[in-house]
Amino acid sequence: MKHLPSLVAILLLIALIASCSSNPYSKTNRVYKKQAKEYGKQLSKFPIEHSEKEATLNFGEYEVGTTNFNLRKPNYVVIHHTAQDSVAQTLKTFTLVRTQVSSHYVIGDNGEIYQMLNDYYRAWHGGSGQWGNNTDLNSSSIGIELDNNGSEVFSEAQIQSLMQLLKVLKEKYNIPAANFIGHSDIAPTRKVDPNRNFPWKQLAEEGYGLWYDDIPFVSVEDTLVTEKEIVKEVPILEEPTVENDSIFEVKEQKVVSPLDVSPEIALKIIGYDTSNMDAAIRAFKLHFIQTEVNANLTDSDLKILNNLYKKYLK
Ligand SMILES: [Zn+2]
């Protein structure tokens, strides 16, 4: 019996070696742990360390730490497609320091989910982009990459896993429905993921993202825009007559418009960066129209936009 402790130690060592050899990522997992430990150490420091510039601020006499706090939590989910050929390729990409890209989750087309980063950490999946006034989506979002070569259809198993994951995240962090968005939404000039096969409507039905009503209801009051048009100018020198006793004759003309604000305003309200309108319209169509993706807004697109932007005002 006295050999028991050493036997346990040997067994543990064997188990450790076996788990290391069965996981091709054991080396980069160690890098993760080391880095996470370092951040933990930095955050737990008190008094709070200040940079040289911060130290010149007019701080009070005492160091006072509050007793009431927790961690900041994510409030957006950004969905991507990997534009790579396999999950293995993506896992590799996200564990090579030189690529400088990552995401919290990768979902294979067989439905397998790889969580590569704690939700509370900041992954590097958004790059430069904007949604509403939020210009640092990486800081406030969870990134989910779907294995997809960029044009293929998303498998049923993959979408099912995604839905289950979104349910967990939405409940855990209380993320509003409107804050489930795509990479192309936040970076319209650079990105086209997830591709036009992505089932945004199906997601919105479950509360992940917003969608327009099936048959957009557009009331007569909503669509009639009154334009005042000067149709005739009467020379001032002319003597007013019974028929013509005013300087201007104003004719009211009814113009039917499917959208009651400008497309730019509507897209802005939804969240799009409209500094490049063609790109913003393409991104809107990739997400909400899908059958046609270009920079033209048809009558039907305008009706959808009219119905949709109001949902973002609620
Ligand atoms: Zn992306």
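Computed from a predicted model, the values in this text were never measured in an experiment. (Residues numbered from 1 in each chain as written. Predicted model: local features only at pLDDT ≥ 70, side-chain atom pairs only at ≥ 80, totals over all residues. Heavy atoms only, no water.)

1. Brief notes about the pattern of salt bridges
Evaluation of the coordinates by the stated rule reveals nine salt bridges. For Glu38, the salt bridge goes to Lys41, with nearest N and O atoms at 3.8 Å. Highlighted residues: Glu38 and Lys41, both in helix α2 (residues 26-43), separated by three residues, approximately one helical turn. Taken together, the salt bridges that share partners define one network made up of Lys285, Glu292 and Asp301. (Salt bridge = Lys/Arg side-chain N within 4 Å of Asp/Glu carboxyl O. Helix = DSSP H or I, 4+ residues; strand = E, 2+ residues; numbered from the N terminus.)

2. So, the sheet that holds strand β5 (residues 180-182)
Strand order in the open sheet formed by five strands is β3-β2-β4-β1-β5, with mixed pairing between adjacent strands. What marks the edges here is a single partner per strand, and that holds for β3 (113-115) and β5. Adjacent strand axes in the sheet meet at a mean angle of 25 degrees, parallel and antiparallel pairs treated alike. Where strand β1 (residues 76-81) meets β5, three bridges bridge the pair, whose relative direction is parallel. Bridge assignment links Val77 to a residue of β5, and that residue is Phe180. Where helix α5 (residues 156-173) meets the sheet, it contacts β1, β2 (105-107), β3, β4 (141-146) and β5, and its direction lies at approximately 175 degrees from that of β4. (Pairing = 2+ DSSP bridges. Axes fitted to C-alpha atoms, helices over the stretch in contact; angles between N-to-C directions. Contact = heavy atoms within 4.5 Å.)

3. Overview of the packing of helix α9 (residues 263-270) against helix α10 (residues 277-288)
For the pair α9 and α10, interaxial distance at closest approach is 11 Å and the crossing angle is 60 degrees. By the angle between their axes, α9 is oblique relative to α10. In terms of crossing hand, the pair formed by α9 and α10 is left-handed. Residues Pro263, Glu264 and Leu267 of α9 pack against Met277, Ala280, Ile281 and Phe284 of α10. For the contact of α9 with α10, a count of residues per class yields six nonpolar, no polar and one charged. (Parallel < 35°, antiparallel > 145°, perpendicular 65-115°, else oblique. Left-handed = near helix turned anticlockwise from the far one by under 90°. Nonpolar A, V, L, I, M, F, W, Y, C, P; charged D, E, K, R; others polar.)

4. A word on the pairing of β4
Burial analysis of β4 places six of its six residues in the buried class, which makes it a mostly covered element. The two faces of β4 match: Ser141, Gly143 and Glu145 on one face and Ile142, Ile144 and Leu146 on the other face are all buried. As judged from the six bridges shared by β1 and β4, these two strands associate in the parallel manner. The residue of β4 that forms the bridge with Ile79 is Ile144. Pairing of β2 with β4 involves three bridges; the strand directions are parallel. Pairing of Val106 across the sheet is with Glu145, part of β4. (Buried < 20%, exposed > 50% of the residue type's maximum accessible area, 1.4 Å probe, protein only.)

5. Here's the deal with the packing of aromatic side chains
In total, this model carries nine aromatic pairs according to the counting rule given. Consider the rings of Phe284 and Phe288, whose centres lie 5.6 Å apart with planes at 35 degrees: the pair is tilted. Of the two residues, Phe284 and Phe288 both sit in helix α10, four residues apart, roughly one turn of that helix. Within the aromatic cluster, the residues linked to one another by ring pairs are Trp211, Tyr212, Phe284 and Phe288. (Phe/Tyr/Trp six-rings, centres within 6.5 Å; stacked < 30°, edge-to-face > 60°.)

These figures capture arrangement, not role.
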